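The lines below spell out each chain.
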4 protein chains.
Amino acid sequence: MSMLGKQMQFSWPITIYYEDTDAGGIVYHANYLKFFERARSEWLTHLGINQSKLLAAKLGFVVTKAELDFVKGAQLEQKLKVVTKLEKAARASLLFVQELQDDTGALYCQGKIKVACIDMESMRPCAIPKEILKEFTCGS
Amino acid sequence: MSMLGKQMQFSWPITIYYEDTDAGGIVYHANYLKFFERARSEWLTHLGINQSKLLAAKLGFVVTKAELDFVKGAQLEQKLKVVTKLEKAARASLLFVQELQDDTGALYCQGKIKVACIDMESMRPCAIPKEILKEFTCGS
Amino acid sequence: MSMLGKQMQFSWPITIYYEDTDAGGIVYHANYLKFFERARSEWLTHLGINQSKLLAAKLGFVVTKAELDFVKGAQLEQKLKVVTKLEKAARASLLFVQELQDDTGALYCQGKIKVACIDMESMRPCAIPKEILKEFTCGS
Amino acid sequence: MSMLGKQMQFSWPITIYYEDTDAGGIVYHANYLKFFERARSEWLTHLGINQSKLLAAKLGFVVTKAELDFVKGAQLEQKLKVVTKLEKAARASLLFVQELQDDTGALYCQGKIKVACIDMESMRPCAIPKEILKEFTCGS
């Protein structure tokens, strides 16, 4: 059952290609993390936040924790969507809940993904730029 | 700090190649799940268990849960190892604790990975073949 | 310079994510083959051809040859497109020319990709189903 | 049939894991490029050449051309090897011939891979450092 509440959320379509599957005939489990990251990246883009510029300024968002439930194996050519919600925003990290669903709302994979803002030179946590934090939290 | 106790464990070397890294200069987070899966596969092979034969018999091991802590970003050309321990063996699932470490024991990524035995036709859980369960548990 | 002529062609958008890049800061070379395969898959879908059904009937399209020119490294967050043209259709194989371009037509990667129709049980070439061949060639 | 002559060559073992395969039951075609890149990286390492140091000095080896023949699909758990030969060394590029073979010499994939030395800031070709060129050519 979906953990997503009524907060601000972002939906991004995913199509399953050969590259995503394995010899078991379903999506290789590590690839769900790629789908989730694509969805978070698109949300950033949608909010007007440019990751390349952040990277040029030696700032990066790095995944520090992930809890994944692989509920149902997605198959070749399926049209799915990742629904992403910001669960919690802290000074130097964001916690997302993300779900890969089909059009009926059936759940394929659910993840709680913690992302930290990192100074890419020292590789240490640093405060998330205020304008980014504002974008994420103004609507939630 | 390592969660690994004195139980039976299996160590497998991993070298970081370009394919594993991303534009942040460190290993792309989803790829740690690949390293862990390689290590579990090699442990099966080491125990004389053939996954292709299982698959031909419509049996597969499918990851159903993963909890990952990304502690430190691994970098290009590093020589690391995955240390794998069987935490718990149930009728239809196995719980592994896996750690990506360097030679000094420094921790890069830690995972708790739950693997279920699945009938690949019905995609339903089924009992792990006894000879496999025996191999894993006789030494632990 | 583009090798694409005036024949029937299919365009598919590609966005560059972290998963596609490597520590060199640009797209990892093998991933251009993934982009090309996505574009061919979407063309099949667009033509009403279902690869999962083909696979269930033990038929698969398998890449047998690829010639790739990596012209310019694509970067994180770029919005590009793959333009695909059918260069030649034979009884058991198709030859595609594919180009990854940006909106100005600048070329990032060009590929000549030969795809054979394979009986997935014997792994031998077999004739492409007529209805598929017709879809591809009626317009070219 | 093998194109490899009697020149200096380097052999590197590859094991096929789930991550390498797709729903067709064999290795996903793009992944052969990964195997070839691993083998070239290991050859560099074997010759005492450190790619991370090159990258820190803003030098990178970038694949500029690839011609691939996918001869036979490799399968889960196969133990194979990549045999790599330097075909030609120029001022700013190297041409490798690489073959994925099994122990009987049966060929799975053959590639001609052109690698250029690139200034990673200007993204322009530059001369291969002499000490690297010497390592590759002294024995061939």
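None of the values given here were measured: they were computed from a predicted structure. (Residues numbered from 1 in each chain as written. Chains lettered and ligands numbered in written order. Predicted model: local features only at pLDDT ≥ 70, side-chain atom pairs only at ≥ 80, totals over all residues. Heavy atoms only, no water.)

Focus on the confidence of the model for chain A
Confidence along chain A averages 91 in pLDDT terms, with 93% of residues attaining 70 or more. In the predicted assembly, ipTM is 0.91 and pTM is 0.93. (pLDDT = per-residue confidence, 0-100.)

Focus: the relation of the copies chain B and chain A
For the match of chain B to chain A, the screw axis carries a shift of 0.0 Å, the RMSD comes to 0.0 Å, and the turn is 180°. Taken together, the rotation angle and the small translation identify this as a two-fold axis. Among all C-alpha atoms of chain B, that of B:Glu67 lies closest to the rotation axis, at 2.2 Å. In this assembly the copies share their binding face: 100% of the residues contributing to the interface of chain B also contribute to that of chain A. (Least-squares fit on C-alpha atoms with pLDDT ≥ 70 in both. Contact = heavy atoms within 4.5 Å.)

Observations regarding the nonpolar core
Of all hydrophobic cores here, the largest spans 92 residues; its most connected members are A:Leu68, A:Leu100, B:Leu68 and B:Leu100. In this structure B:Leu100 touches B:Ile14, B:Tyr32, B:Phe35, B:Phe36, B:Leu80, B:Lys81, B:Val82, B:Ala106, B:Leu107, B:Tyr108 and B:Cys109, once residues within four positions along its chain are discounted. Judged by nonpolar contacts, the second largest core, of 91 residues, contains C:Ala30, C:Tyr32, C:Ile113 and D:Tyr28. (Core = buried A, V, L, I, M, F, W, Y, C linked by side-chain atoms within 4.5 Å. Buried < 20%, exposed > 50% of the residue type's maximum accessible area, 1.4 Å probe, protein only.)

Some remarks on the interface of chain B and chain A
Counting residues at the interface gives 21 residues for chain B and 21 residues for chain A. The junction of chain B with chain A conceals about 1,900 Å² of combined surface from both sides, 64% of it contributed by carbon and sulfur atoms. Between the two partners, chain B and chain A, sit two salt bridges. With a shortest N-O distance of 2.5 Å, B:Lys65 and A:Asp69 are connected by a salt bridge. Across the chain B-chain A interface, the total number found is eight residue pairs in polar contact (both at pLDDT 80 or more). For the side of chain B that touches chain A, the secondary-structure elements that each account for two or more residues are α1 (31-46) and β2 (59-70) of chain B. (Buried area = accessible area lost by both parts, 1.4 Å probe. Salt bridge = Lys/Arg side-chain N within 4 Å of Asp/Glu carboxyl O. Polar contact = N/O pair within 3.5 Å; in protein donor to acceptor, adjacent residues only side chain to side chain. Helix = DSSP H or I, 4+ residues; strand = E, 2+ residues; numbered from the N terminus.)

Focus on the environment of A:Glu77
Tracing the backbone through its elements, the reader meets A:Glu77 in the loop between β2 (59-70) and β3 (79-89). Along the chain, A:Glu77 and A:Ile16 lie 61 residues apart, while their C-alpha atoms are 4.9 Å from each other. Residues in contact with A:Glu77, not counting those within four places in the same chain, are A:Ile16, C:Thr45, C:Ile49, C:Asn50, C:Gln51 and C:Ser52. Separated by 2.7 Å, the side chain of A:Glu77 and the backbone nitrogen of C:Gln51 make a polar contact.

As for the interface of chain D and chain A
Every contact between the two is made by eight residues of chain D and, on the other side, eight residues of chain A. When the two sides are added together, the surface that chain D and chain A hide from each other amounts to roughly 680 Å², 70% of it contributed by carbon and sulfur. Summed over the three residues of chain D that lose the most area to chain A, namely D:Tyr18, D:Ala23 and D:Tyr28, the buried surface amounts to 56% of that side. Counting across the interface, chain D meets chain A through zero salt bridges. For the pair chain D and chain A, the interface holds four residue pairs in polar contact (both at pLDDT 80 or more).

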